[in-house]
Amino acid sequence: MELGAGGVLCSSMLEDALNKIEGVPSLAQLAQGIVAPSEHDRGIEAPDKNPDLCGPDGNVYTPDPLAQMGKRTHPLIAGTKVHLITFGCQMNKYDSEMVAGLLNEKGAGFVDDPAQADLLIMNTCSVRGHAEDRVYNRLHVLKERKKQQPEFMIAVMGCMAQKEGEHIAKKFPFVDLVIGTRMLDEFPQLMERVREGARTPLVAIDVKPDVKFGETVARRESKHLAYLTVTRGCNKRCTYCVVPYTRGPEVSRSIDDVVNEAKRLVDDGVSEIMLLGQTIDTYGYDLNNDTNLWKLLNALHPIGGLKRIRFITSHPEECREELFATMADLSDKVMPFIHMPPQSGSDRMLRRMKRGYKRARYLEVVEAARKRNAEIEFCGDWIVGFSGETDEDFKESLSLMEEVRFQNSYVFKYSVREGTPAQKLPDDVPEELKKERHARLSELQEKISAEKNRARIGGIEEVMVEGPSKHGDRLTGRTRSHRLIHFAGPVSLQGQIVRVKATAATALSLQGEMTE
Ligand code: SAM
Ligand code: SF4
């Protein structure tokens, strides 16, 4: 079976392919800066030399020379009480944790209760309309508080800030800082500018190629688990997806850079790392020196104290035999779990979505992976109700789910995103039908998950202990295949790997008892 050449994707071929997609900016355009279509419409231009910061009124704030020379400390940040809310994916969580790490280094403190905060940060998501609505709703509510407490500061960061920055600044002028996806490493400096009296909202929408968090140690939710972004952005152009416009073209970090961060995390108590990339299989292709995901896994594997490595998200067109071989070779640390979204089981829909593969290819990849290692489990993302989806198309999704027997899935109703190629296609599946398909696909997944989990009863699972379960009386951990499992044991086992016998199962989790 042919899974495609394991080498470097030729960027000019990719460029040609992308240029054929109507209304999509080219890679070269993207490389010059993130092309958020609405930004162009608003006629806001970044000046040639110092394009970093533009205010909504066209004011340009030049970068802080002292901060750039590493000479500015951040007295204004010290003592600030911060509450940070994260919407969206793991990549947003990683960004939040790094920004929190930066603020922490400058002496900021963190509070659980937003009412106690001096600075409220929202890290936003644009992938679906619902995520954006939640942020707008919060901003409406915050208006009152800002009126009564003008010194209270509000920052909006991440994808929505990138895409809707100027709009947010105009509609919510009481916001202090709006900061896009590739300016996040400058968060403390920008916040300090606000404190020093810069005109607000200060809008920082990047044209920088990369985000460099330096040697920052993330301030993480979990002591033992850490996210680690290895590529930012995406070079694919799935017609429904806003990510290439909010996060820009794909930029990989060097293997050394990733390994050094992983070592810092392990020194900080981390035992499991999840590597993040929108299409993690193309990690390193932009570095042009034979860097790739399997070499990265080999470089991370020897780190003493690092017990588990996971990675997301895989792309069916890009997933390679070499990866499966590496997963088999390094199976003591690289976990047998692949999050590879099919989005649809219908070739007609996949073509309309410009996913770049057919159903048959998806199945070939699954087969090749399982041939190498039968333990590998798959997780899927699905979009129901995409433009033109008929009952027949939808049935193809149901049948693909059955055929692959995913361990779990995330099912989404299609949501039109401004500026994406699919915005030009009719959103012609009625909301009620989207809901119905969402329910049917979710129910099928639930049935499969329950069956697969029940089949584990009686077996022994190697479990990484995450901590006390939500109800507090038991521990929660993850099996090698990322299943949740609950069992009795002392909290001191957090971050350890223990053996647990599965005794009961639902679609969502296992129950078990620790064994020797
Ligand atoms: N890079 C990953 C990939 O290629 O599958 C996924 C990135 S996206 C942030 C996460 C998921 O959101 C996608 O897999 C897709 O199922 C869903 N999604 C993206 N755009 C969507 C849209 N416009 N409407 C509904 N769901 C969407
Ligand atoms: Fe969006 Fe993923 Fe497609 Fe990239 S590969 S455009 S992130 S769905």
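Conventions we followed
Residues numbered from 1 in each chain as written. Chains lettered and ligands numbered in written order. Predicted model: local features only at pLDDT ≥ 70, side-chain atom pairs only at ≥ 80, totals over all residues. Heavy atoms only, no water. Helix = DSSP H or I, 4+ residues; strand = E, 2+ residues; numbered from the N terminus. Buried < 20%, exposed > 50% of the residue type's maximum accessible area, 1.4 Å probe, protein only. Contact = heavy atoms within 4.5 Å. Areas by Shrake-Rupley, 256 points an atom, 1.4 Å probe, with all protein chains shown as cover. Near = heavy atom within 4 Å. Polar contact = N/O pair within 3.5 Å; in protein donor to acceptor, adjacent residues only side chain to side chain. Nonpolar A, V, L, I, M, F, W, Y, C, P; charged D, E, K, R; others polar.

### Let's talk about the overall build of the chain
Summing up its helical and strand segments, the chain has 16 helices and 21 strands in all. In the chain, which comprises 516 residues, the proportion classed as buried is 56%. Considering only intrachain contacts with a sequence separation of at least 6, the fraction spanning at least 24 residues in the chain is 75%. Put simply, the chain shows about 21,900 Å² of open surface, and 50% of that area lies on carbon and sulfur atoms.

### Some details on unusual backbone geometry
Looking along the chain, the bond that leaves T200 and enters P201 is cis, with omega of -10°. Here P201 lies in the loop between helix 8 (187–195) and strand 8 (202–204). Cis geometry is adopted by the peptide bond preceding T313, which originates at I312 and carries an omega value of 0°. Counting through the fold element by element, T313 comes out in the loop between strand 13 (308–312) and helix 12 (321–329).

### A word on the site of ligand 1
Neighbouring residues of ligand 1: 15 residues in total, closest Q278, P341, Q343, D381 and S415. One of the side-chain nitrogen or oxygen atoms of Q343 is found 2.7 Å away from an oxygen atom of ligand 1. Contact between ligand 1 and R355: an oxygen atom at 3.2 Å from a side-chain N or O atom of the residue. Of all the elements in the fold, those that place two or more residues in the shell around ligand 1 are strand 15 (377–384) and strand 16 (408–413). Class assignment for the residues of the shell around ligand 1 results in six nonpolar, four polar and five charged.

### Side note on the side chain of K452
Its place among the elements puts K452 in helix 16 (residues 431–454). Beyond its immediate stretch of four places on either side in the chain, K452 contacts R370, E377, R405, F406, Q407 and R483.

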